[in-house]
Each structure stands twice: as C-alpha cells, then as structure tokens.
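Residues per chain, in single letters:
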Number of protein chains: 2
Amino acid sequence: MGIIKGRWSFPIIRALMNGTMRFKELERNVSSINTRMLVKELKEMEAEGLVIRKAYATVPPTVEYSLTEKGQALKPVIVEIEKWAEKFLQ
Amino acid sequence: MGIIKGRWSFPIIRALMNGTMRFKELERNVSSINTRMLVKELKEMEAEGLVIRKAYATVPPTVEYSLTEKGQALKPVIVEIEKWAEKFLQ
C-alpha cells in the first residue's frame, strides 16, 4: 500500500489523467499544494514509477509530467474513491 | 481525500471487511502494525466515522471494532487497489 502514503498522490494522478501537464499547470490544478510539496511528491511518484518527467532544453526550460502505464492503471481506484466521496463526504 | 492519509487505514478496513473483530484479532490481522499505532489509527477512523468501537463490561473487558456503512462502502476502492497492486507491485 506504499503508493497511497503520499498525501497528494491522488490529486496529482487525478490531474494527470487528463494528459501531460507542465509543472505550473499541475500546480494550478492541484488545489492548496505548495511548490515545495509538489516537487517532493512528484519526485517520489517518479521513483515509484507512477509518473514520467520530461525536461526540454527550451528557453525558459520546459518540464512536463505524464502518467506511466502503472499510474494510468489507478484510474478505476480514483473513480471508486470519487463515488465514495460523493456519497459520504457530501 | 482525508480518508486515505492514514498509513494503516486500508489494511484495517481490509481486515474488518470480514466482520467484527476484537482489538487483539485486529492486531494479528494487520501485519507489522504496533499496538500504539493501531490504537491511534482506530481512534482517527472512529472520528472519521469509518469504524464503530463497542466496549463490553466483561472480565477482562472486551472491545470490538466493526465498519460503519461509510467504511463498508470503501470495499470497491479496496478491490480496485488490490487488482492494481497484483498487476503492478507483484
């Protein structure tokens, strides 16, 4: 169950389910996370093989994040959590 | 997503899905948790309305835990997590 330990894993996966995102977009899409926490969580999720980080040598540099197959496969989990949350967390 | 913050919530819910358990049984069923952590986690889960605690004035005292409707409703989430874990965490 290591994967669900991160406070922010689920909101980040939720955001990336819509496709690749730049760091800044991700920051806007995951409510009430600060930059330091987002960096930390993304590093952990990359190490766990949930997320791929791609950096492009543009000016300014572009960094994009997307889900791996392992990350994408968590979609049914998130769907069930959202159903549950809708019913029980009002 | 508050519910998934506890490191041990899922293994505890998993164990209680089979029915009511005494504290000691729960401790045996949730691998590698210590007594202090189990007490702490159960208190949090009780406060979140996931678990019901019943104490009986027997000698020695009996304490039983079971899932509320809200806790039971997490079953599909756990099923999906287990499917995912089986595929990706070997």
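Nothing here was measured: the structure is a model prediction, and the numbers come from that model. (Residues numbered from 1 in each chain as written. Chains lettered and ligands numbered in written order. Predicted model: local features only at pLDDT ≥ 70, side-chain atom pairs only at ≥ 80, totals over all residues. Heavy atoms only, no water.)

A. Up close: the pairing of strand β3 (residues 62–67) of chain A. Residue and element names in this part refer to chain A. In terms of residue burial, β3 counts as a mostly covered element, since five of its six residues are buried. In terms of strand pairing, strand β1 (residues 21–22) meets β3 through two bridges, oriented antiparallel. Paired with R22 across the bridge in β3 is E64. As defined by bridge partners, strand β2 (residues 51–56) adjoins β3 across six bridges and the pair is classed as antiparallel. Along β3, the bridge assignment pairs A55 with V63. Hairpin geometry of β2 and β3 is characterised by an intervening segment of five residues between the two adjacent antiparallel strands. (Buried < 20%, exposed > 50% of the residue type's maximum accessible area, 1.4 Å probe, protein only. Helix = DSSP H or I, 4+ residues; strand = E, 2+ residues; numbered from the N terminus. Pairing = 2+ DSSP bridges.)

B. Quick peek at the sheet that holds strand β2 (residues 51–56) of chain B. Residues and elements named next belong to chain B. Judged by pairing direction, the sheet is antiparallel, and its three strands sit side by side in the order β1-β3-β2 without closing on themselves. Each edge of the open sheet carries a strand with a single partner, namely β1 (21–22) and β2. Across the sheet, helix α1 (residues 9–16) lies against β1, β2 and β3 (62–67), angled at about 100° from β3, the strand it touches most. (Contact = heavy atoms within 4.5 Å. Axes fitted to C-alpha atoms, helices over the stretch in contact; angles between N-to-C directions.)

C. Layout of the pattern of salt bridges. Residues and elements named next belong to chain A. Going through the model one piece at a time under the given rule, you end up with eight salt bridges over all chains. E80 is the partner of K83 in a salt bridge, and the nearest nitrogen-oxygen pair spans 3.2 Å. Here the residue K83 and the residue E80 both occupy positions in helix α5 (residues 75–88), the gap between them amounting to three residues, near one helical turn. With a relative accessible area of 16%, E80 lands in the buried category. (Salt bridge = Lys/Arg side-chain N within 4 Å of Asp/Glu carboxyl O.)

D. Seen up close, the packing of aromatic side chains. All names here are of chain B. Inspection of the entire model under this criterion finds four aromatic pairs over all chains. With centroids separated by 6.4 Å and ring planes inclined at 55°, the aromatic side chains of F23 and Y65 adopt a geometry described as tilted. One end of the pair, F23, is in helix α2 (residues 23–29); the other, Y65, is in strand β3, and 42 residues separate them in sequence. No difference in accessibility class separates F23 from Y65, as the two residues are buried. Between W84 and F88, the ring centres sit 6.1 Å apart and the planes meet at 35°, which makes this aromatic pair tilted. On the criterion of helical spacing, the pair formed by W84 and F88 is a turn pair, its members being four residues apart in helix α5 (residues 75–88). (Phe/Tyr/Trp six-rings, centres within 6.5 Å; stacked < 30°, edge-to-face > 60°.)

E. Expanded view of the packing of helix α1 (residues 9–16) of chain A against α5 of chain A. All names here are of chain A. It is the contact of α1 with α5, at a shortest axis distance of 11 Å, that shows an interaxial angle of 110°. Between α1 and α5, the crossing angle belongs to the class labelled roughly perpendicular. Judged by the sense of rotation from one axis to the other, the crossing of α1 with α5 is left-handed. Here F10, I13 and R14 of α1 lie close against α5, whose contacting residues are V77, I78, I81 and E82. (Parallel < 35°, antiparallel > 145°, perpendicular 65-115°, else oblique. Left-handed = near helix turned anticlockwise from the far one by under 90°.)

F. The arrangement of the nonpolar core in detail. Ranked by internal contacts, the top residues of the largest apolar core, which has 49 residues, are L26 of chain A together with L26 of chain B. Setting aside its immediate chain neighbours within four residues, L26 of chain A contacts I12, A15, L16, M21, L38, L42 and Y65 of chain A. (Core = buried A, V, L, I, M, F, W, Y, C linked by side-chain atoms within 4.5 Å.)

G. Structural detail: the sheet that holds β3 of chain A. All names here are of chain A. Pairing is antiparallel across the open sheet formed by three strands, whose spatial order is β1-β3-β2. One side of each edge strand has no neighbouring strand; the edge strands of this open sheet are β1 and β2. The sheet strands contacting α1 are β1, β2 and β3, and the helix crosses β3 at an angle near 100°.

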